[in-house]
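Inside the fold
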Amino acid sequence: MALEFMYITNNPEIGCIVEEAGVERIWIDLEVIGKQERQPYESVKSQHKISDISAMKHVLSKACIQVRVNPIYEGSQSEIDSCIKEGASILMLPYFKSVKEVNDFLGFVDGRVKTNLLVETKEAVEKLDEILALEGIDEIHIGLNDLHLSYSKKFMFELLTDGTIEKVCKKIEQKGKPYGFGGIASLGEGIVPAELIISEHIRLNSTRAILSRSFANEKDYEIDKSKFKYNFIKDVKEICKYQEFLKLQEESYFIENQFKLKAIVDKIVQCM
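Residues numbered from 1 in each chain as written. Predicted model: local features only at pLDDT ≥ 70, side-chain atom pairs only at ≥ 80, totals over all residues. Heavy atoms only, no water.

**Topic: the sheet that holds strand β6 (residues 139-142)**
As a reminder, the rule being used: Two strands are said to pair when DSSP picks up at least two bridges between them. Under the DSSP-based scheme used, a helix requires at least four consecutive residues in state H or I and a strand at least two consecutive residues in state E, with every element numbered from the N terminus. To define axes, lines are fitted to C-alpha atoms, for helices over the stretch in contact only, and angles between the resulting N-to-C directions are given on a 0 to 180 degree scale. Residues are treated as being in contact if the distance between any of their heavy atoms lies within 4.5 Å.
Read around the closed barrel, eight strands run β1-β2-β3-β4-β5-β6-β7-β8, paired in parallel fashion. Taking each pair of neighbouring strands and ignoring which way they run, the sheet shows an average axis angle of 30 degrees. The pairing of strand β2 (residues 25-29) with strand β3 (residues 64-68) spans five bridges and is classified as parallel. When the sheet's bridge partners are listed, Ile28 is paired in β3 with Val67. Docked against the sheet, helix α13 (residues 225-247) engages β1 (4-8), β7 (179-184) and β8 (208-211), running at close to 150 degrees with respect to β1.

Okay, structure coming up:
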């Protein structure tokens, strides 16, 4: 099965380009609570608004809108109600640590739209069996950035090479829920080659991936809109073609890629 791509933007013009490229999901990001404290050195943080949902929905014809709401807080019910009213198709709960938080989220949504849990704390991983037993979960994404911080790792892709992501993926797969993890860059790009990360997606039966800022940065759109569009569409096509190549490979190919990935990640960690 091919990966379903997600791209974070609240710009309707970029949303149209992303949809034209065949990306299935536009991601509006409302999460602000606790983010600065967790990721003080993250240079770019979204400043999206609930009104961006309807503005984006107005220009899209095929792609759906996923909204990452805030972690559970006193205003969660109101925020979730507003997102649904504005036209969100999928709501994502970030940075939860307890079964109760997930249960509250599912109750607030109450089956009105699809739900996506963003597993990005070690507590969520430890309670994953209990969480997966809840009714109303449609899909799960594993957030490598916050999760590697939660495990006190130096580099987020250590979670791919130490078996953590594989363990989580297998638990989710056993429950029959679609899942994905992290983000990917364009082919030939990224501190870890995108080809190796995509190979892991295929090996682990992942069906979801974020097209990261290293894949396409919105700042480039303001510099040259035509070039941004050309590169975005071209790079998505190249990834899709590479996926078709991977589907034809034997298990030994993916095992070899695992070794390559671990060697690169270990080298990066040693230099940090």
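Past the structure itself, the notes keep going.
**Quick word on the pattern of salt bridges**
We count it as follows: Definition used for salt bridges: Asp or Glu carboxyl oxygen within 4 Å of a side-chain nitrogen of Lys or Arg.
Under the counting rule described, the total for this entry stands at 20 salt bridges. Between Lys225 and Glu13 there is a salt bridge whose closest N-O contact spans 3.8 Å. Here Lys225, found in helix α13, pairs with Glu13, found in helix α1 (residues 12-20); they are 212 residues apart in sequence, far enough to count as distant. Its salt-bridge partner being Glu244, residue Lys247 comes within 3.3 Å of it at the nearest N-O pair. Within this pair, Lys247 and its partner Glu244 are both found in helix α13, separated by three residues, close to a single helical turn. Overlapping salt bridges bring together Glu4, Arg25, Glu139 and Arg208 as one network.

**Observations regarding the environment of Ile65**
Just so we agree on the cut-off: Residue burial is assigned from relative accessible area. The probe radius is 1.4 Å, only protein chains are included, and a residue is buried under 20% of its type maximum, exposed over 50%, and partly exposed in between.
Looking at where Ile65 falls in the secondary structure, it is placed in strand β3. In this structure Ile65 comes out as buried when scored by relative accessible area, which is 2%. Measuring from C-alpha to C-alpha, the distance between Ile65 and Ser54 comes to 9.5 Å, with eleven residues separating the pair along the chain. Those residues in contact with Ile65, other than ones at most four positions away along the chain, are Ile26, Ile28, Ile53, Met56, Lys57, Leu60, Ala88, Ser89 and Ile90.

**Side note on helix α11 (residues 194-203)**
Buried residues dominate α11, accounting for eight of its ten residues. Among the residues of α11, Ala194, Leu196, Ile197, Ile198, Ser199, Glu200, His201 and Ile202 are the ones counted as buried. Looking one or two residues past α11, Asn205 carries a phi angle of roughly 60 degrees, positive in sign.

**Some words on α13**
We count it as follows: Expected helix span is computed as 1.5 Å times (number of residues minus one). By the criterion applied in these results, polar contacts are pairs of N or O atoms within 3.5 Å in which, for protein atoms, one can donate a hydrogen and the other can accept it, and in which residues neighboring in sequence qualify only through two side-chain atoms.
Helix length check: α13, at 23 residues, gives a terminal C-alpha distance of 34 Å against a target of 33 Å (1.5 Å per residue), a fit within 8%. What α13 keeps buried is the set Phe228, Phe232, Ile233, Asp235, Val236, Ile239, Tyr242, Gln243 and Leu246. Its side-chain oxygen placed 3.3 Å from the backbone nitrogen of Ser226, Asp224 serves as the N-cap of α13.

**Digging into the packing of aromatic side chains**
What describes a pair of aromatic rings is the distance from one ring centre to the other and the angle between the planes of the rings. Filter applied, for reference: Planes of paired rings set the category: under 30 degrees apart is stacked, over 60 is edge-to-face and the rest tilted, where pairs are Phe, Tyr or Trp rings (Trp by its six-membered ring) whose centres lie within 6.5 Å.
Scanning the model with the defined rule gives eight aromatic pairs in all. Measuring from centroid to centroid gives 5.5 Å for Tyr221 and Phe228, while their planes differ by 80 degrees, and the two rings are edge-to-face. Measuring from centroid to centroid gives 5.9 Å for Phe228 and Phe232, while their planes differ by 35 degrees, and the two rings are tilted. Linking Phe228 with Phe232, this pair stays in helix α13, spanning four residues, or about one helical turn.

**Remarks on the environment of Gly143**
Structurally, Gly143 can be placed in the loop between β6 and α8 (144-150). Take Gly143: its relative accessible area is 11%, and that puts it in the buried class. C-alpha separation for the pair Gly143 and Thr121, spaced 22 residues apart in sequence, amounts to 8.5 Å. The contacts of Gly143, once residues within four sequence positions are left out, are Leu118, Val119 and Glu120.

**Some thoughts on the packing of helix α4 (residues 76-86) against helix α5 (residues 99-109)**
Rule in force here: In what follows, roughly perpendicular refers to angles from 65 to 115 degrees, roughly parallel to angles under 35, roughly antiparallel to angles over 145, and oblique to any angle outside these ranges. In this scheme the handedness of a crossing depends on how the near helix is turned from the far one: anticlockwise by less than a right angle means left-handed, clockwise means right-handed. Under this grouping Gly is polar, as are all residues other than the nonpolar Ala, Val, Leu, Ile, Met, Phe, Trp, Tyr, Cys and Pro and the charged Asp, Glu, Lys and Arg.
Two elements in contact, α4 and α5, have axes separated by 9 Å at closest approach and are oriented at 45 degrees. Taken together, the axes of α4 and α5 are oblique relative to one another. Crossing handedness for the pair α4 and α5: right-handed. Residues Ser76, Gln77, Ile80, Asp81 and Ile84 of α4 lie in contact with α5, whose contacting residues are Phe105, Phe108 and Val109. Class assignment of the residues belonging to the contact of α4 with α5 gives a composition of five nonpolar, two polar and one charged.

The quantities given are spatial measurements derived from coordinates; they are silent on function.
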